[in-house]
Amino acid sequence: MANENKFIYSMFTLVMFFVSLYMGINYIISGKNINVTNFFVIFFNVIFLLIIIVILLAIIVSYLVLKGKKINKTIIKLNLKIVNILYPFIIVISKLLKIPKNDIRKVYVNLNNKYIYASDYNLKAEDIMLLTPHCIQKSFCKYKVTNDIKNCRQCGKCNVGDLVKLKQKYKVKVFVATGGTLARRIIMENKPKVVIAIACERDLTSGIQDVSKLPVLGIFNKRPNGPCFDTEIDILEVEKAINFFLGGDYNVL
Ligand code: SF4
């Protein structure tokens, strides 16, 4: 099953859970001969129905966004906020359905990126920050690029050298972070207007949620040698993202 379908399936199961809960509680209420005009009964019914309607709408919008349909930017943003609230529940449901967390995270980052790409940007290069994990540097390399990426000698053995080239070409800020805490500190100190974050599914999801006030475009790293070890980047994807934030067309370089 495609990841998008797994995500929608988890959301649908979540809504079915709320529907069952709603029906079950109403069944108990009717059995106890409680007056249905009781304030609490009405309040309970309204709240539950609202939750069910909101999740159903989020399912529909998420499905359309993921299928690449043209949707109003405000609706995509609102949907992302709802998905953010539902996210912990979706993760619990997906675990029960034995859907790998990373499959759900991928779709979450995808929904986030769709919202960013639905917006218009025309930023200066210095307002764009590229943040990448330390594991893209080859494990045998002795140069300390976490202090300053310019320490890289551009030997061509890993993508750090490619990022240095992008930094020189576009003048964007590029940082290599050793972990989430340092990444957050770098963002706070440099105050970019947008971040292009390169990481695994888990780190991207938590990073996007942590700095929810800042647009964070997520790009997944490739892990041919397993997690957190000699990882790789699709440099073209990164360059397209820089170009997009500078006001260019995502697909044209
Ligand atoms: S490209 Fe830079 S960081 Fe990567 S191995 Fe070569 S010198 Fe080290």
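If you check an unreviewed UniProt entry, the protein chain appears there as DUF116 domain-containing protein from Tepidibacter thalassicus DSM 15285.

Caption draft 1: Broad picture of the domain arrangement of the protein chain. The domains assigned to the protein chain are domain 1 (3–117) and domain 2 (125–245). Computed from C-alpha coordinates alone, the two centres of domain 1 and domain 2 are separated by 33 Å. In this assembly, 11 residues from domain 1 lie in contact with 15 residues from domain 2. Between domain 1 and domain 2, roughly 1,200 Å² of surface is buried when both sides are summed, and carbon and sulfur atoms account for 66% of that area. Linking domain 1 with domain 2 are 1 salt bridge. Here Glu-201 and Lys-106 are joined by a salt bridge, their closest N and O atoms 3.5 Å apart. One can count 3 residue pairs in polar contact (both at pLDDT 80 or more) joining domain 1 with domain 2.

Caption draft 2: Structural detail: the site of the ligand. By nearness alone, every residue bordering the ligand is listed as Gln-137, Cys-141, Tyr-143, Cys-152, Arg-153, Gln-154, Cys-155, Gly-156, Cys-158, Val-160 and Gly-161. Taken together, the residues that form the shell around the ligand break down as 6 nonpolar, 4 polar and 1 charged.

Caption draft 3: Up close: the nonpolar core. In terms of nonpolar packing, the biggest core is built from 48 residues, with Phe-7, Met-11, Leu-131 and Val-195 touching the most fellow members. Among the secondary structure elements, those contributing two or more residues to this core are helix H1 (3–31), helix H2 (39–66), helix H3 (73–96), helix H4 (101–117), strand S1 (128–133), helix H6 (180–190), strand S3 (194–199) and helix H7 (201–210). Broken down by element, the residue count for this core peaks at 10 residues, all from H2. Counting residues domain by domain, this core receives three or more from each of domain 1 (3–117) and domain 2 (125–245). Excluding residues that lie within four positions of it along the chain, Phe-7 makes contacts with Val-83, Ile-90, Ile-104, Val-107, Tyr-108 and Leu-111. Among the nonpolar cores identified, the runner-up in size contains 31 residues, and Val-160, Val-194, Ile-196 and Phe-245 belong to it.

Cut-offs used in this document
Residues numbered from 1 in each chain as written. Predicted model: local features only at pLDDT ≥ 70, side-chain atom pairs only at ≥ 80, totals over all residues. Heavy atoms only, no water. Domains from an automatic or database assignment. Contact = heavy atoms within 4.5 Å. Buried area = accessible area lost by both parts, 1.4 Å probe. Salt bridge = Lys/Arg side-chain N within 4 Å of Asp/Glu carboxyl O. Polar contact = N/O pair within 3.5 Å; in protein donor to acceptor, adjacent residues only side chain to side chain. Near = heavy atom within 4 Å. Nonpolar A, V, L, I, M, F, W, Y, C, P; charged D, E, K, R; others polar. Core = buried A, V, L, I, M, F, W, Y, C linked by side-chain atoms within 4.5 Å. Buried < 20%, exposed > 50% of the residue type's maximum accessible area, 1.4 Å probe, protein only. Helix = DSSP H or I, 4+ residues; strand = E, 2+ residues; numbered from the N terminus.

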